[in-house]
Structures are given as structure tokens and as C-alpha cells.
Amino acid sequence: STKPDRLQEINHIVHNGGLYKRPFNEAFEETPMLVAVLTYVGYGVLTLFGYLRDFMRQWKIEKCQNATEREEQKDFVPLYQDFENFYNRNLYMRIRDSWNRPICSVPGAKVDMMERVSHDYNWTFTYTGRVIKDIINMGSYNYLGFAQKTGACQEAAAKVLSQYGAGVCSTRQEMGNLDKHEELEKLVARFLGVESAMAYGMGFATNSMNIPALVGKGCLILSDELNHASLVLGARLSGATIRIFKHNNMQSLEKLLKDAIVHGQPRTRRPWKKILILVEGIYSMEGSIVRLPEVIALKKKYKSYLYLDEAHSIGALGPSGRGVVDYFGLNPEDVDVMMGTFTKSFGAAGGYIGGKKELIDYLRTYSHSAAYATSMSPPVVEQIITSVKCIMGEDGTTIGRARVQQLAENTRYFRRRLKEMGFIIYGNEDSPVVPLMLYMPAKIGAFGREMLKRNIGVVVVGFPATPIIESRARFCLSAAHTKEMLDTALKEINEVGDLLQLKYSRRRLVPLLDRPFDETTYEETED
Amino acid sequence: MAAVAAGVGQQWVLVEMVQAFYEAPAYHLILEGILILWIIRLLFSKTYKLQERSDLTLKEKEELIEEWQPEPLVPPVPKDHPALNYNIVSGPPTHIITVNGKECINFASFNFLGLLNNEKVKSAAQASLKKYGVGTCGPRGFYGTFDVHLELEERLAKFMRTEEAIIYSYGFATIASAIPAYSKRGDIVFVDEAACFAIQKGLQASRSNIKLFKHNDMADLERLLKEQESEDQKNPRKARVTRRFIVVEGLYMNTGDICPLPELIKLKYKYKVRIFLEESLSFGVLGAHGRGITEHFGINIDDIDLISANMENSLASIGGFCCGRSFIIDHQRLSGQGYCFSASLPPLLAAAAIEALNIMEDNPAFNPLCSQRRIHALSGQTRISGLKVVGESFSPALHLQLEESWGSRENDVKLLKRVVDYCMNSGIALTQARYLEKEEKCLPPPSIRVVITVEQTEQELDRAASLLKEAAQSVLN
């Protein structure tokens with residue numbers, strides 16, 4: 001009876017002066033102390049065994065399985081330091097079968113996998129020739145279910161393929177700019193609600209080749225702690241100064257902005273030429289959503305520019321699938337550079353940048369990709385055009401809208417059930433990326449293998465993609481998942497969770513307070 | 001009993017303390033007192049932060065924030081910038097291409113073997129599209145590895161006669177991810193001046209020491225290697241852990257000439273440097289079977305540490321690959337940024353590449369080396385006044401540069417544009433070679449890019465040559 005009022009109180013506090021039009025529920029439960037200790041012990045044991053095995057390999061007691069340098073080049077400087085590969089040889093190699101699993105069907109809600117076995121503890125794999133059919137796919141980034149081998153998108157792509165061929169053989173600035181590319185860019189601009197857009201062949205390259213074109217020496221980049229490798233690489237290649245603020249922490253960001261403007265560049269004290277804030281829509285390892293209303297308010301107050309990477313959030317968030325800007329009900333013109341990828345929600349490949357016409361004109365002239373990289377393949381472009389039209393409803397059906405809603409429902413259902421079961425789940429309530437904490441190194445391999453035995457394909461991640469004790473399993477929900485599939489998956493996860501003792505949640509919820517910025521984890525307890 | 005004893009004991013200690021207090025000498029007490037006061041002062045004084053300038057008040061800070069005006073995010077681009085207005089190609093960019101509404105013969109796309117429009121390639125891609133859809137929805141590590149990728153890697157490794165190959169989904173990202181995977185801060189890379197932009201970006205990402213040597217000048221390279229050797233002798237400990245690499249291209253994109261690989265191999269073993277070879281232009285073009293420059297010179301492929309090429313030229317697909325020994329290639333599966341953090345190649349493009357590779361293997365006569373005489377037709381015999389042909393006679397991608405510069409680079413670019421426009425209006429599609437002028441390390445002079453493919457007939461080549469002569473006459477005289 002009093003609980004609903006209490007929750008309302010919690011949500012109201014998070015509303016933060018009216019910037020948020022909807023409740024923002026994000027939680028990162030703290031690691032239980034015993035689990036943390038046991039995890040370190042686990043890694044310690046593995047390291048000791050690693051040293052032992054290395055010793056045995058060096059003294060030829062054990063056969064050395066990895067490839068070695070050529071005889072003729074043995075006196076060259078070694079290509080790899082022994083220590084660099086310690087983690088690979090001794091920890092990664094043991095559970096290597098959880099990754100790089102080869103599939104042989106369309107990566108939809110259910111997928112067929114090629115069976116592979118290893119007779120030498122994962123050093124080499126052989127394919128038995130058997131195909132494991134109809135594995136529930138909780139690992140592919142197929143948020144709106146456009147990974148299909150039949151349907152309007154595939155037919156359109158087939159038609160364009162027979163007309164245009166697969167390749168382009170030239171760059172955008174030379175002879176590679178097809179009419180299809182122009183059509184795509186106009187459509188993407190309309191979809192996002194911006195003046196103009198430009199598309200590139202690879203999402204990773206979109207970041208790493210365009211950030212250097214926008215900022216250079218004498219500029220400041222404020223980048224979130226957990227930004228993707230492509231953003232980090234782009235920031236490094238640009239030559240600008242990079243400062244990192246704590247993950248999704250607005251007080252940390254504000255402090256950095258204030259300091260930057262007040263003190264100027266280090267040593268010379270000259271004012272910065274421009275300040276660029278790099279954030280992502282959904283962070284794929286944490287499942288958290290950026291606090292966009294606050295970031296925009298800060299950006300306006302301190303006159304800096306915002307670069308929003310919507311790789312995972314475009315198509316997956318928002319009532320009409322237009323991403324995190326739509327989710328918060330904000331104006332797309334407030335974001336200076338809207339970047340995203342076509343790989344996840346559109347079932348294709350490539351990336352785009354949207355923004356004002358001056359920005360896109362500048363990128364058309366000075367982007368590294370436009371001058372030196374081959375343009376996008378025509379059937380891929382057609383797939384994007386058809387899927388965008390479907391999401392917008394312009395193909396005459398309501399499939400797009402239905403899928404966006406289905407994804408939102410699936411997300412809420414799945415997250416709620418997992419939390420009820422007692423797992424520690426990170427991230428925002430509305431994010432279709434669901435990280436489930438495993439912590440201990442042995443459980444990474446065990447979880448992946450046990451789920452595969454039960455015909456469910458999951459993705460597990462460990463160091464170095466995550467901090468060393470925070471290994472996790474990451475589920476990517478899709479609009480193509482039916483409720484039955486989710487229920488089957490949940491049943492199996494429950495079983496495996498009991499088997500491996502993964503239900504760490506102590507389910508304590510405290511009301512969220514505006515904490516000082518040196519605490520980054522929120523603990524929710526309820527009494 | 002024990003408790004009472006304990007209580008008595010405590011009391012006894014207290015009495016002792018008070019007694020000691022009275023008995024202590026005065027200076028001792030004064031010293032202790034001062035120390036206690038000092039501790040209290042330290043506890044309550046403000047912490048001293050080194051970064052903050054304590055002489056700015058809050059009001060002054062707010063004023064600074066108010067006053068600061070950033071530059072606009074991007075400077076405005078003039079409307080007539082040569083790279084702003086793209087040519088619009090309607091329809092497929094094949095041999096006959098419709099550019100800006102006009103039908104032309106294509107001398108600008110890197111479709112060397114004419115496989116862009118090949119029916120077998122297209123039907124293989126269609127079959128793959130029906131089976132897998134378009135995208136892979138994930139990186140290689142997370143359910144993005146398809147059997148077509150594994151097949152393509154095997155086929156490429158077999159074709160190039162190496163142990164292993166690895167595929168990237170973007171041609172530019174191939175060499176740009178491969179170099180930083182091996183060469184780190186503190187390592188030394190000797191690279192040719194005319195290296196393409198992708199190599200430059202790979203080198204920048206690696207943070208290694210870059211030493212440029214003059215284009216194709218082995219004497220200059222040897223001089224640099226000797227200098228490095230004498231540096232090593234001064235500091236042998238550091239030398240033992242510093243890796244060295246030479247990065248060259250088989251056929252240079254910017255100059256159209258070939259690198260002297262046999263001499264490089266000799267230098268490799270003499271100075272113990274590894275060689276990375278970029279074969280984007282020479283793959284499918286050089287060598288009796290199209291295996292590239294190693295086949296052309298008859299060199300054992302294991303002598304080259306890493307060969308990288310993109311599949312966007314001869315194979316008329318998208319993406320790139322690296323091949324070499326497993327010892328080297330396997331490392332990229334965990335450290336190649338463009339491989340680990342990016343979605344994998346769409347299966348239909350991989351299937352198109354496999355089919356193109358099949359065609360290349362089955363028809364060695366498809367090799368454009370046999371069109372050598374065609375290129376002579378353009379370069380040697382018909383002399384075009386005002387323009388000179390830059391590039392080897394067997395390179396399919398040539399440059400036409402102005403014999404003398406007309407003042408500034410801007411003027412040269414404008415002139416070449418007029419030549420290109422003249423040709424386009426008469427049915428030959430050409431393009432200027434595009435560069436990012438401020439970003440290139442050694443900016444090549446402005447030029448027109450001419451691409452020779454197997455699909456062009458003798459008459460078309462003759463027509464192109466005569467048209468270029470006419471254009472040069474009318475524009476440059």
C-alpha cells in the first residue's frame with residue numbers, strides 16, 4: 001500500500017528539475033564482498049597454474065601448441081612479448097570455445113550452429129559436420145528482427161543486387177557515388193529529423209575517420225569512461241586532448257567542463273578552440289542509457305558540442321524507433337553530431353552521421369572515408385532503405401511500429417523476470433541489452449557451455465572487455481523473439497543459474513539520492 | 001574474580017599514568033603539547049589542491065565561462081570546392097557507366113578484371129542472400145562468424161599459398177588495423193614516402209617511430225637502416241626489444257610503380273627487419289596467376305611477414321584480407337581493432353568474393369597483364385602534350401599529371417577538372433585522384449586517374465587516348 005507512493009517518490013527525485021519526461025530507472029548492484037574475494041582467488045589460482053604450464057612448456061615437459069617463428073627468423077627481435085600473451089595462452093585459451101562460434105543460417109531469433117569439438121583443450125577445433133539446429137539466439141544484435149532471408153527487404157536487396165552488382169570499386173569522391181547512396185542519405189536524414197546525413201561503409205570506421213576531421217590539436221574531447229573502441233581510436237587519431245569523465249556521471253562531466261573553460265589549455269592557458277562531448281546512446285557492456293537531457297542542458301550551458309553514438313540505440317529505443325533522442329522526447333537539432341550504425345537494428349552494415357547541412361557538407365569534403373574508402377555496396381544500401389521505410393511506416397504496413405513495440409515489451413518482461421529470479425542485472429530498465437553478472441572466471445565458460453547444451457546461444461564477456469572481476473553474460477533481445485522463446489530461455493537460465501549458483505542479488509533497494517560524484521555505483525535497498 | 005582483578009588492574013594503570021604525568025620533566029610536556037596542537041591544526045586546515053588556482057573567485061570563473069566563445073563546429077565550405085560536388089552514377093558502375101546523366105566508357109573504377117558485372121558472381125551472391133539475408137548482426141566473436149567467412153579465409157590462404165588468412169569488412173580498415181596490432185610505441189617502422197593514406201593512419205594509430213625513406217630508393221632505406229644499427233650498438237638492451245618493420249606497397253596507388261621486392265628481401269635478412277606488404281592494387285594483377293608481386297618476382301611467400309590487400313579492386317567485392325603464417329595472422333584475431341570491434345562482412349559479399357576468386361583461378365588468361373600492349377597504347381606511343389603519364393607500363397591504375405605546374409595547386413586542380421569535364425562530355429568517364437590535402441604526409445601532385453581494365457577494347461583505348469590529346473590541346477594551350 002505504501003510501496004507505490006515510495007516508488008513514485010524515488011522517480012520524482014530522479015526527474016531532476018523537470019528535464020526528464022519519464023522515469024529513469026538505472027541500477028548497478030554492488031558486487032557482494034564474498035563473490036569479489038572468491039573471484040580474485042579464482043584468478044590467482046589460474047595465474048599460478050599458468051606459470052606452472054609455461055614452465056612445463058619451456059622445459060619441454062609439455063608439448064607447446066602455439067605457432068612459432070620461422071627458423072630463418074629466429075634471431076629477429078621477437079614479435080610478441082611473452083607476457084603480453086600470458087592471458088591468451090593460459091586463461092582465454094581454456095574457454096575459447098565460447099566465442100567465434102560459426103553459424104550457418106540467417107542470424108534471426110533462431111540460428112543453426114556448426115558443431116565443433118576440440119581434442120586438445122581448445123588449441124585446435126575440428127568440425128564434426130553436424131549442424132545444431134534452432135538454437136535460440138540471444139547474442140546477435142538483431143533488435144528489430146530485420147535479419148531475415150525472406151520478406152520485402154530481402155526481395156528489394158535481391159533486385160538491386162542483380163541490377164548493380166555487389167561491389168562499387170571506387171571512392172565516394174571519385175566514381176563511387178551512386179544514386180542509391182544519395183537516396184539513402186536523404187532518407188536517413190528524414191528518419192532522424194536532421195537536415196542532412198552521410199553514410200559510410202563501416203560503423204567502426206565512421207567514428208575513427210570522422211572524429212579526426214571534426215576536431216584537431218587545440219580542441220578538447222570529453223569522453224565517457226566506457227566508450228567503445230572506435231570512439232577511443234577516433235579521439236586518439238584526431239590529436240586533440242582527451243579527458244575522461246565517470247560513466248554517465250553528470251557532476252563529473254560538469255566539473256570537467258568548468259575546469260576546461262576556466263583554466264584553458266594546460267601550460268599555455270590559451271582558451272580551447274572547441275569542446276566535443278562523446279557519449280553513446282546505449283552502452284553495450286553495461287546496458288545503461290545516456291542521461292541525454294542532462295548532457296544537452298550542460299552542453300548548452302557551456303557552449304560545447306555533442307557527438308552522440310547511437311550504435312545500439314537507433315531503432316531499439318523510442319516509441320517510433322528513432323533512438324535515444326526520441327526516447328527522451330528531445331529535439332534532434334540539439335545534438336550536433338548524430339552518429340549511428342546500420343548493423344544492429346537494420347540488419348545491414350555500415351554507419352551514418354546526421355546533422356546540419358554545413359556539417360555534412362564539410363564531411364563530404366574532408367572526411368577520410370569519402371576520399372579514400374570504397375563506398376557502400378548497393379544491395380546493403382537497399383536493405384537499409386527498405387528497413388528504414390518499414391520502421392517509419394512508409395511501406396504501407398504497420399510492421400515497423402509493431403516491432404518497435406514488441407521489442408519494448410520483450411525488454412521489460414525479460415528484465416523483470418530475471419530480476420525476480422535473483423540475478424544481478426545491470427543497466428536501464430528500457431535497454432534491450434541485458435548484462436547478467438557472472439564474476440568468476442570459471443563461470444564464464446560454464447555458463448556459455450551449459451546454455452549451449454540447452455540449445456540457447458548466449459554471449460559471455462570477460463577481461464579485457466570488462467573490468468577483471470566483472471565478467472558477465474550479455475543478452476540482446478530482439479523483436480523477433482516470441483514470448484514462448486523468451487519463456488524457454490528464462491526457464492533454462494533459471495536452471496543454469498541454480499546449477500552454477502549465479503543468483504547473487506541480495507535485492508536491497510534504497511531510494512536513489514543525488515550522490516556526490518565520487519561514488520559511481522548506486523545501491524538500491526528496500527526496507 | 002577475574003573481572004575484579006581486571007578492574008583493579010585498570011585503575012592501577014590509570015594511577016601510574018597520572019603519576020608519570022606529574023613526574024615528567026617540563027620540556028617533555030611542552031613538546032608533547034606543541035605536537036598535539038600541531039596535529040589539531042593539520043586536521044582542521046583546508047586540503048591543498050595543486051590543480052586549482054586559488055586566486056580565482058567564483059564570480060570570475062562564471063565570467064570566464066560566459067565570455068568563452070568556441071569556434072564553430074565546422075568551418076564553412078565554399079560552394080565550388082572541387083571535392084564537394086560528387087559525380088552521380090545512375091545504375092551499376094560497370095564498363096558502360098551513366099555519370100551525371102551521360103553514358104560514358106568507364107576509365108575511373110578499379111574494376112580491373114571486369115568482375116563487377118559478372119553473372120556468376122551475382123548469382124553466387126544471390127544464393128547467399130537467400131540463405132543468410134543481408135547483415136551479420138554481430139562481430140566475429142559473437143555469432144558473426146559464418147561458414148562463408150571461414151570458407152573465404154581458407155580459399156584466400158590456399159590461393160596465396162600461405163598458412164592462414166583473415167578477413168576484414170572494410171578495405172581501408174585492413175592495413176589500418178593490421179599495423180597497430182604488431183607495432184607499438186617504441187617500435188620502428190620504415191615506410192615509403194608514397195604510401196597510401198590507410199597505411200599512414202595505421203602508423204599513426206600504432207604510435208611507433210616512423211622513418212620515411214624516399215620513394216623506391218633502396219639506398220636511402222639502407223642509409224636509415226645503417227643509422228638505426230649504429231643507434232642499436234649504443235643501446236643494445238633497448239635494441240633487443242625494439243621491433244622493426246618495413247611497410248611497402250606492391251603497386252603504389254599514388255605513383256603507379258612497383259616496389260623492388262628482391263632488394264627489400266636482402267635488406268630484411270641483413271638488418272633483421274620484418275616486411276609488411278600492401279597489395280591492394282597488385283592482387284589479381286601481377287603474377288602469372290594474379291597472386292601479386294611475390295609471384296611476379298618469383299619470391300617465396302614466406303619471406304614476406306604479412307601481405308594485406310583489399311578485395312575492392314580486382315575481386316569487385318567489399319572488404320579486405322591479410323594473409324601470412326599462422327604465427328602472425330592469428331594474433332590479429334584478438335588484437336586487430338577493425339576485426340574484433342566491428343561487425344563481420346555481409347555473407348553475400350563474401351560469397352561474391354569466393355566466386356570471383358574461383359573465376360580468377362580458373363581463367364589465368366583473364367589476367368590483365370596480357371593487356372600490356374593496351375596500356376602502351378595510352379602511355380608510350382601517343383604523346384599527349386602538356387600531360388605526362390606516371391606509372392609502370394603494366395600497372396592498371398595510372399596517373400596523368402601536368403608536365404609543368406601552372407602556379408598553384410588550386411590552378412592545377414582547376415585545369416585538370418576542365419580536361420576531365422571535356423572528356424566526360426565526349427563519353428569517357430575519368431576522375432581526378434582525390435586526396436585530403438592537409439592530412440597527407442607527402443601530398444602527391446594533382447593528377448587524373450586512368451584505370452585500364454580487361455573489358456576495354458582496343459578501339460575504346462584509342463578513342464580515350466585521342467580524346468585526352470584533344471582535351472589537353474584545347475585546355476592547356
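Residues numbered from 1 in each chain as written. Chains lettered and ligands numbered in written order. Predicted model: local features only at pLDDT ≥ 70, side-chain atom pairs only at ≥ 80, totals over all residues. Heavy atoms only, no water.

Here's the deal with the overall build of chain B
Step number 1: Along its length, chain B carries 17 helices and 16 strands.
Step number 2: Against the compact-globule benchmark of 23 Å for 477 residues, chain B has a radius of gyration of 33 Å, which places it well outside the compact range.
Step number 3: Here the C-alpha coordinates of chain B stretch approximately 120 × 55 × 55 Å along the principal axes.
Step number 4: Scored against the burial criterion, the 477 residues of chain B give a buried share of 56%.
Step number 5: With the model as given, the accessible surface of chain B reaches about 21600 Å², and the carbon-plus-sulfur share is 56%. (Helix = DSSP H or I, 4+ residues; strand = E, 2+ residues; numbered from the N terminus. Rg over C-alpha atoms; globule rule 2.2 N^0.38 Å. Buried < 20%, exposed > 50% of the residue type's maximum accessible area, 1.4 Å probe, protein only. Areas by Shrake-Rupley, 256 points an atom, 1.4 Å probe, with all protein chains shown as cover.)

Some details on the interface of chain B and chain A
As a measure of interface size, the accessible area lost when the parts come together is often cited.
Step number 1: With 114 residues of chain B at the interface, the matching set in chain A holds 114 residues.
Step number 2: For the pair chain B and chain A, the two sides together bury roughly 10200 Å², of which 64% comes from carbon and sulfur.
Step number 3: The largest share of the area that chain B buries against chain A comes from Trp-68, Tyr-86 and Tyr-143 of chain B, three residues that together contribute 10% of it.
Step number 4: Note that Arg-274 of chain B and Glu-69 of chain A form a salt bridge whose closest N and O atoms lie 2.6 Å from each other.
Step number 5: Where chain B meets chain A, there are 46 residue pairs in polar contact (both at pLDDT 80 or more).
Step number 6: No other element matches helix α4 (residues 119-132) of chain B, which puts seven residues into the side of chain B that touches chain A.
Step number 7: Class assignment of the residues belonging to the side of chain B that touches chain A gives a composition of 59 nonpolar, 27 polar and 28 charged. (Contact = heavy atoms within 4.5 Å. Buried area = accessible area lost by both parts, 1.4 Å probe. Salt bridge = Lys/Arg side-chain N within 4 Å of Asp/Glu carboxyl O. Polar contact = N/O pair within 3.5 Å; in protein donor to acceptor, adjacent residues only side chain to side chain. Nonpolar A, V, L, I, M, F, W, Y, C, P; charged D, E, K, R; others polar.)

Let's talk about the side chain of Thr-39 of chain A
Residue and element names in this part refer to chain A.
Step number 1: Within the fold, Thr-39 resides in helix α2 (residues 33-58).
Step number 2: Owing to a relative accessible area of 1%, Thr-39 belongs among the buried residues under this scheme.
Step number 3: Sequence-distant contacts of Thr-39, that is, excluding residues within four places in its chain, are made with Tyr-439, Met-440, Pro-441 and Ile-469.

As for the UniProt feature "domain: Aminotransferase class I/classII large" (unreviewed entry) in chain A
Step number 1: Those residues carrying the UniProt feature "domain: Aminotransferase class I/classII large" (unreviewed entry) are residues 133-493 of chain A in this numbering.
Step number 2: For residues 133-493 of chain A, the helix share is 43%, the strand share is 16%, and the end-to-end C-alpha distance is 19 Å. (UniProt positions renumbered as here; feature names shortened; annotations may be inferred.)

Thoughts on the UniProt feature "transmembrane region" (unreviewed entry) in chain B
Step number 1: The residues that UniProt annotates with the feature "transmembrane region" (unreviewed entry) are residues 26-44 and 165-183 of chain B.
Step number 2: This span, residues 26-44 of chain B, is 100% helix and 0% strand, and a straight line between its end C-alpha atoms measures 28 Å.

Things to note about the sheet that holds strand β7 (residues 241-245) of chain A
All names here are of chain A.
Step number 1: Ordered by their spatial adjacency, seven strands build an open sheet running β5-β11-β10-β9-β8-β6-β7, and the pairing between neighbours is mixed. Of all the strands in the sheet, the pair left with one neighbour each is β5 (196-200) and β7. Each adjacent strand pair in this sheet contributes to an overall mean axis angle of 20 degrees, direction not counted.
Step number 2: Inspection of the sheet shows strand β10 (residues 337-341) paired to strand β11 (residues 351-355) by four bridges, in the antiparallel sense. For Met-339, the partnering residue across the bridge sits in β11 and is Ile-353. (Pairing = 2+ DSSP bridges. Axes fitted to C-alpha atoms, helices over the stretch in contact; angles between N-to-C directions.)

Focus on the UniProt feature "transmembrane region" (unreviewed entry) in chain A
Step number 1: Under the local residue numbering, the UniProt record ascribes the feature "transmembrane region" (unreviewed entry) to residues 33-52 of chain A.
Step number 2: In residues 33-52 of chain A, the share of helix is 100% and the share of strand is 0%. The end C-alpha atoms are 29 Å apart.

What to know about the sheet that holds strand β11 (residues 320-324) of chain B
Residue and element names in this part refer to chain B.
Step number 1: Read across the open sheet, the seven strands follow the order β5-β11-β10-β9-β8-β6-β7; overall the sheet is mixed. Sheet topology places β5 (164-168) and β7 (209-213) at the edges, where each strand pairs with a single neighbour. When the angles between neighbouring strand axes are averaged without regard to direction, this sheet yields 20 degrees.
Step number 2: In this structure, strand β6 (residues 188-192) lies alongside β7, joined through five bridges in parallel fashion. Note that in β7 the partner of Val-189 across the bridge is Ile-210.

Considerations on unusual backbone geometry
Step number 1: For the peptide bond that leads from Phe-463 of chain A to Pro-464 of chain A, omega is 0 degrees, which places it in the cis range.
Step number 2: As for its placement among the helices and strands, Pro-464 of chain A is situated in the loop between β15 (459-461) and β16 (472-476).
Step number 3: Despite not being glycine, Asn-455 of chain A shows a phi value in the positive range, around 70 degrees.
Step number 4: By secondary structure assignment, the location of Asn-455 of chain A is in the loop between α15 (441-453) and β14 (456-457).
Step number 5: For Asn-455 of chain A, a relative accessible area of 28% gives the class partly exposed.
Step number 6: Even without a glycine there, the phi angle at Cys-137 of chain B is positive, about 55 degrees.

Notes on the confidence of the model for chain A
Step number 1: Within chain A, residue pLDDT values average 88, and 93% of them lie at 70 or more.
Step number 2: Low pLDDT, under 50, characterises residues 509-527 of chain A; the stretch is placed with 42 contacts to residues that sit more than four places away or in other chains. (pLDDT = per-residue confidence, 0-100.)

Quick look at the nonpolar core
Step number 1: If you look at the biggest cluster of nonpolar residues, it comprises 202 residues, and the most contacted ones within it are Phe-414, Leu-418, Phe-447 and Phe-475 of chain A together with Phe-283 of chain B.
Step number 2: With 10 residues, the single largest contributor to this core is helix α14 (residues 347-362) of chain B.
Step number 3: Those residues in contact with Phe-414 of chain A that sit more than four places away from it in its chain are Met-138, Val-434, Phe-475, Leu-477, Leu-486, Leu-490 and Ile-493 of chain A.
Step number 4: By size, the runner-up hydrophobic cluster in this structure holds 44 residues, among which are Tyr-80 and Leu-233 of chain A together with Ile-175 and Phe-276 of chain B. (Core = buried A, V, L, I, M, F, W, Y, C linked by side-chain atoms within 4.5 Å.)

Digging into a nonpolar patch on the surface
Residue and element names in this part refer to chain A.
Step number 1: On the surface, Met-33, Val-37, Val-41, Val-45, Phe-49 and Leu-52 cluster together to form a nonpolar patch covering roughly 550 Å² of accessible area.
Step number 2: The topology assignment puts Val-37 in helix α2.
Step number 3: Residue Val-37 is classed as partly exposed on the basis of its relative accessible area of 42%. (Patch = residues over 30% accessible without salt bridge, like charges linked within 9 Å, V, L, I, M, F, W, Y side chains within 5 Å.)

Notes on the packing of helix α6 (residues 171-182) of chain B against helix α7 (residues 197-206) of chain B
Residues and elements named next belong to chain B.
Step number 1: Two elements in contact, α6 and α7, have axes whose closest approach is 8 Å; the angle formed by their N-to-C orientations is 30 degrees. Classified by the angle between their axes, α6 and α7 sit roughly parallel to one another. The handedness of the crossing between α6 and α7 is right-handed. Of the residues in α7, those touching α6 at Phe-172, Ile-175, Ala-176, Ile-179 and Pro-180 are Phe-197, Ala-198, Ile-199, Lys-201, Gly-202, Leu-203, Ala-205 and Ser-206.
Step number 2: Per-class residue counts for the contact of α6 with α7 are 10 nonpolar, two polar and one charged. (Parallel < 35°, antiparallel > 145°, perpendicular 65-115°, else oblique. Left-handed = near helix turned anticlockwise from the far one by under 90°.)

Some words on the packing of aromatic side chains
Step number 1: Summed over the entire model, instances satisfying the criterion amount to 28 aromatic pairs over all chains.
Step number 2: The interplanar angle of 35 degrees and the centroid separation of 6.4 Å between the aromatic rings of Tyr-80 of chain A and Tyr-182 of chain B together place this pair among those described as tilted. Of the two residues, Tyr-80 of chain A sits in the loop between α2 and α3 (86-90) while Tyr-182 of chain B sits in helix α6, which places them in two different chains. Each member of the pair, Tyr-80 of chain A as well as Tyr-182 of chain B, is classed as buried.
Step number 3: For the pair Tyr-327 of chain A and Phe-328 of chain A, a centre-to-centre distance of 5.0 Å together with 75 degrees between the ring planes defines the contact as edge-to-face.
Step number 4: Residue classification places Phe-328 of chain A among the buried positions, given a relative accessible area of 2%.
Step number 5: Ring-pair connections join several aromatic residues into one group, and the members of that group are Tyr-80 of chain A together with Tyr-182, Phe-245, Phe-276 and Phe-327 of chain B. (Phe/Tyr/Trp six-rings, centres within 6.5 Å; stacked < 30°, edge-to-face > 60°.)

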